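Residue-level structural notes
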Amino acid sequence: MRFSGLRVLREGLTGNRGWTAQWRDPEPQAEYDAIIIGGGGHGLSTAYYLAKNHGMTNIAVLEKGYLGGGNVGRNTTVVRGNYFLPGNSEFYSHSLKLWEGLSEELNYNVMFSQRGVITLFHSDVQRDASARRGNAMINQGDDAELLDRDGLRELLPYLDYDNGRFPIHGGLLHRRGGTARHDAVAWGYARGADQRGVDLIQQCEVTGIDIENGKVRGVQTTRGAIRAKKVAIVTAGRSGQVAAMAGMRLPIESHVLQAFVSEGLKPVIDHVISFGMGHFYISQSDKGGLVFGGDLDFYASYAQRGNLPMMEHVMEAGMTLMPMIGKARVLRSWGGIMDMTPDGSPIIDKTETEGLFVDCGWCYGGFKAVPASGYALAHLMATGQPHETAAGFRLDRFRSGEGLMDEEATGSQHNLH
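Scoring rules and cut-offs
- Residues numbered from 1 in each chain as written.
- Predicted model: local features only at pLDDT ≥ 70, side-chain atom pairs only at ≥ 80, totals over all residues.
- Heavy atoms only, no water.
- Helix = DSSP H or I, 4+ residues; strand = E, 2+ residues; numbered from the N terminus.
- Expected span 1.5 Å × (residues − 1).
- Buried < 20%, exposed > 50% of the residue type's maximum accessible area, 1.4 Å probe, protein only.
- Contact = heavy atoms within 4.5 Å.
- Pairing = 2+ DSSP bridges.
- Axes fitted to C-alpha atoms, helices over the stretch in contact; angles between N-to-C directions.
- Salt bridge = Lys/Arg side-chain N within 4 Å of Asp/Glu carboxyl O.

With respect to helix H2 (residues 41–54)
Along its 14 residues, H2 runs 19 Å from first to last C-alpha, staying within 8% of the 20 Å computed at 1.5 Å per residue. Residues of H2 that are buried include every one of Gly-41, His-42, Gly-43, Leu-44, Ser-45, Thr-46, Ala-47, Tyr-48, Tyr-49, Leu-50 and Ala-51, and no others. Taken from the residues just after H2, Gly-55 is the one with a positive phi, measuring 70 degrees.

So this is what it looks like as structure tokens:
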């Protein structure tokens, strides 16, 4: 089934009786060419690009719950390419280009809205850092504009510019950044992968990884053993637990990141705004809710919920930045499990076990990386060589100390990234 305006009109006039299921619900086969553990955005995009770019169709995506039920459905939907360091900048620039054509490619509206991302600065030092980052973005081929206080006020008149602790001096505008609909991204990739013959198997938890003589042979699941010569672990905050089934200890910690949405309001915030001093970020969804978040909860956890002190911290930062939101009622909150690396940059690499791959350590960058992550991992699995945009995301950099990418210059403490 292809979507079109005419099809939507026809179904609306005929009681919507012609829609069919978006993907099959197959039983797992005894053997596949490749298995992807994790039915989130990264796993589904990997399956899609394996089929589309490399002609591999005998693939299974195994998800212990339902497709898109993890971090891809538990985030603040921000998409941006405003990274600074070589290795990261090329990758996220590539991801942004994929985002810009994603709805057309998938024939599925992922609701990508390039409303612009504005990162505020509050001191001369932060202004200089923003200018340096903006120049790096432009050199990479992306867009960046340094706004002074007056230029920023024209776009964001509702901020508290004269706050005593954090006066706003200006901001770095990244116009091509924005937001997308998180569940639509997962559904679009799932539908595209299914159309190319990929088996999407839900309610199928992996309980073990079979390894013989240093080679992966398949997995054990709650629906039986499944053989495969290539297996990819793409399970975000659960990556450490799944890798342990293969005898691996990954250099990641899992932390909770809370997010919130308010009741629906009339349009008021046109951009994505990031508070340079309070680690608070906010945008407004198409349904009118203010979507916002802040820091990690700063303790390791696998719980998809947060704590009240961090909730209070986020609300305080929001009120400091824009007091106008004080009367908005919070509708709901949620927590995602962030897989944090020591240098704040991800891992897309082979492991020492032949045929076993890992895609993890996305810290705060997981949602915006969905297209390029799948693209790069698919390339690695199909060719055995890293994609040029992800060549720096080596697993062994934490053992050797070479090639570390400390994007935020916060050292080797996981929870600071």
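Brief notes about the environment of Asn-109
In this structure, Asn-109 sits in the loop between helix H4 (102–106) and strand E5 (117–121). Taking the C-alpha atoms as reference points, Asn-109 and Gly-188, 79 residues apart in sequence, are found 7.7 Å from one another. When sequence neighbours within four positions are dropped, the list of residues in contact with Asn-109 reads Ser-103 and Ala-184.

What to know about the sheet that holds strand E7 (residues 170–174)
Strand order in the open sheet formed by 8 strands is E6-E7-E5-E15-E16-E17-E14-E18, and the pairing between neighbours is mixed. Edge positions in the sheet fall to strand E6 (145–148) and strand E18 (330–340), since each of these pairs with one other strand and no more. Mean inter-strand twist for the sheet, computed between neighbouring axes without regard to direction, equals 25 degrees. In terms of strand pairing, strand E14 (residues 253–264) meets strand E17 (residues 289–300) through 6 bridges, oriented antiparallel.

So, the pattern of salt bridges
Scanning the entire structure with this criterion turns up 21 salt bridges. The salt bridge partner of Arg-176 is Asp-142, with a shortest N-O separation of 3.0 Å. With a gap of 34 residues between them, Arg-176 in the loop between E7 and strand E8 (178–179) and Asp-142 in the loop between helix H5 (124–140) and E6 connect regions that are remote in the sequence. A salt bridge links Glu-145 to Arg-175; its shortest N-O distance comes to 2.4 Å. In this pair, Glu-145 is assigned in strand E6 and Arg-175 in the loop between E7 and E8, connecting sequence segments 30 residues apart.

Shape descriptors only; they carry no functional weight alone.
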